[in-house]
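# Overview (structure and organization)
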Amino acid sequence: MTYNSFKILFVILTLAIAFLGWQGAISWLWIIGIILFGVAILSYGSATLQSNFFTPTFSKLKEPNELILTFDDGPHPNTLAILEVLKKHQAPATFFCIGKQAQQHPDILNKIISEGHIVGNHTQNHSNKWGWMRSKAVRFEVEEATKNLESLSGKPIHFFRPPFGVTNPRIGKVLRTLPLKIIGWDLRSLDTAIKNPDKLWQRIKPKLNNSSIILFHDTQEHTVEVLKKTLEYCQSHGIKIVSLADKIETRSHA
């Protein structure tokens with residue numbers, strides 16, 4: 001279900017229940033029920049990027065035994081350790097970078113690119129107010145990050161991941177007007193919440209064979225150790241690390 005089909009369904013259900021309530025066929029409590037149903041669906045769509053509810057999102061590969069590595073919230077000094085692990089294993093990755101972070105660490109941004117990885121847009125400020133922003137502010141966050149990332153790197157930006165994976169009608173409407181592919185995930189490591197590397201690895205390991213896009217954060221020191229284990233596991237179990245660019249068609253934009 002998408003947001004547009006939900007709106008049609010919600011209107012039909014509301015009118016039908018209102019009519020039946022007016023006829024005395026059902027209780028008016030059904031109106032409360034349909035409102036709660038609508039709130040639940042909207043909340044799910046907003047918090048679940050891979051649902052494609054508000055905007056089309058690439059969140060899973062079709063081919064088995066392939067994995068795309070993605071890292072959010074950099075560039076950051078810890079990104080350098082992540083890059084060393086990736087280089088050792090010759091593994092490609094996509095880094096969804098925050099614009100202001102790139103301005104603070106342009107050398108790390110360019111090292112990401114020079115080592116063959118992809119840079120994506122993760123907004124200019126990664127604001128905690130992202131889900132509550134007006135359309136104008138959403139557009140600024142995305143376009144400002146693209147401008148800064150492209151200026152600093154000299155490379156076009158094709159991919160975007162919203163902060164916290166949150167979308168809503170305003171965000172979706174803005175994103176549909178921009179030349180960016182929205183990238184989700186089907187395995188969230190939760191490395192910003194689980195600080196113990198052993199516990200983090202135990203969360204990830206059982207899910208690797210059935211997942212295809214994993215979300216890490218290159219800002220987390222313990223993620224380096226877990227990344228090593230992830231790559232070693234993939235190598236020994238026949239899981240190929242692939243590049244996002246090899247799976248999604250992109251077109252250059254001005």
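A brief report on the enclosed structure follows. (Residues numbered from 1 in each chain as written. Predicted model: local features only at pLDDT ≥ 70, side-chain atom pairs only at ≥ 80, totals over all residues. Heavy atoms only, no water.)

## Let's talk about the overall build of the protein
On a plain count of helices and strands, the protein comes out with nine helices and eight strands. Here the C-alpha coordinates of the protein stretch approximately 70 × 40 × 30 Å along the principal axes. Taken over 254 residues, the protein has a buried fraction of 47%. Counting contacts in the protein only where the partners sit at least 6 residues apart, residues at least 24 apart contribute 74% of the total. (Helix = DSSP H or I, 4+ residues; strand = E, 2+ residues; numbered from the N terminus. Buried < 20%, exposed > 50% of the residue type's maximum accessible area, 1.4 Å probe, protein only. Contact = heavy atoms within 4.5 Å.)

## A short note on the nonpolar core
L69, F71, L86, F95, I204, L208 and L227 are the most contacted members of the largest nonpolar core, which totals 58 residues. Sort the elements by how many residues they give to this core and helix α9 (residues 222-236) lands first, with six residues. With residues near it in sequence (within four places) discarded, I204 still touches L187, S189, I214, F216, V226 and T230. (Core = buried A, V, L, I, M, F, W, Y, C linked by side-chain atoms within 4.5 Å.)

## Considerations on α9
Owing to its 3.6 residues per turn, the α-helix aligns residues three or four sequence positions apart on the same side. Here α9 contains 15 residues, and its C-alpha end-to-end distance of 22 Å stays within 8% of the 21 Å for a straight helix at 1.5 Å per residue. Taken as a whole, α9 has its buried residues at H222, T223, V224, V226, L227, T230, L231, Y233 and C234. Looking at the buried side of α9, the elements it contacts are β1 (66-72), α3 (79-89), α8 (197-204), β7 (213-217) and β8 (240-241). Where α9 ends, the next residue or the one after it, G238, has phi of about 70 degrees, a positive value. (Expected span 1.5 Å × (residues − 1).)

## Section: the pattern of salt bridges
This model, assessed by the stated rule, comprises nine salt bridges. The shortest N-O distance in the salt bridge between E115 and K111 comes to 2.8 Å. Given the relative accessible area of 28%, K111 is considered partly exposed. Bridged by salt links that share partners, the residues E63, E66 and K247 form one connected network. (Salt bridge = Lys/Arg side-chain N within 4 Å of Asp/Glu carboxyl O.)

## With respect to the environment of L152
Within the secondary structure, L152 sits in helix α6 (residues 135-153). For the pair L152 and H105, spaced 47 residues apart in sequence, the C-alpha to C-alpha distance is 9.9 Å. Not counting the four nearest positions on each side in its chain, L152 is found in contact with A102, Q103, P106, L109 and N110.

## Quick word on unusual backbone geometry
The residue after G74, namely P75, is reached through a cis peptide bond having omega -5 degrees. Phi is positive for D73, close to 85 degrees, though the residue is something other than glycine. The residue D73 is located in the loop between β1 and α3 in this model. Residue D73 is classed as buried on the basis of its relative accessible area, which comes to 16%. Residues other than glycine seldom take positive phi values, yet L190 does so here, at roughly 65 degrees. Here L190 shows up in the loop between β6 (187-188) and α8.

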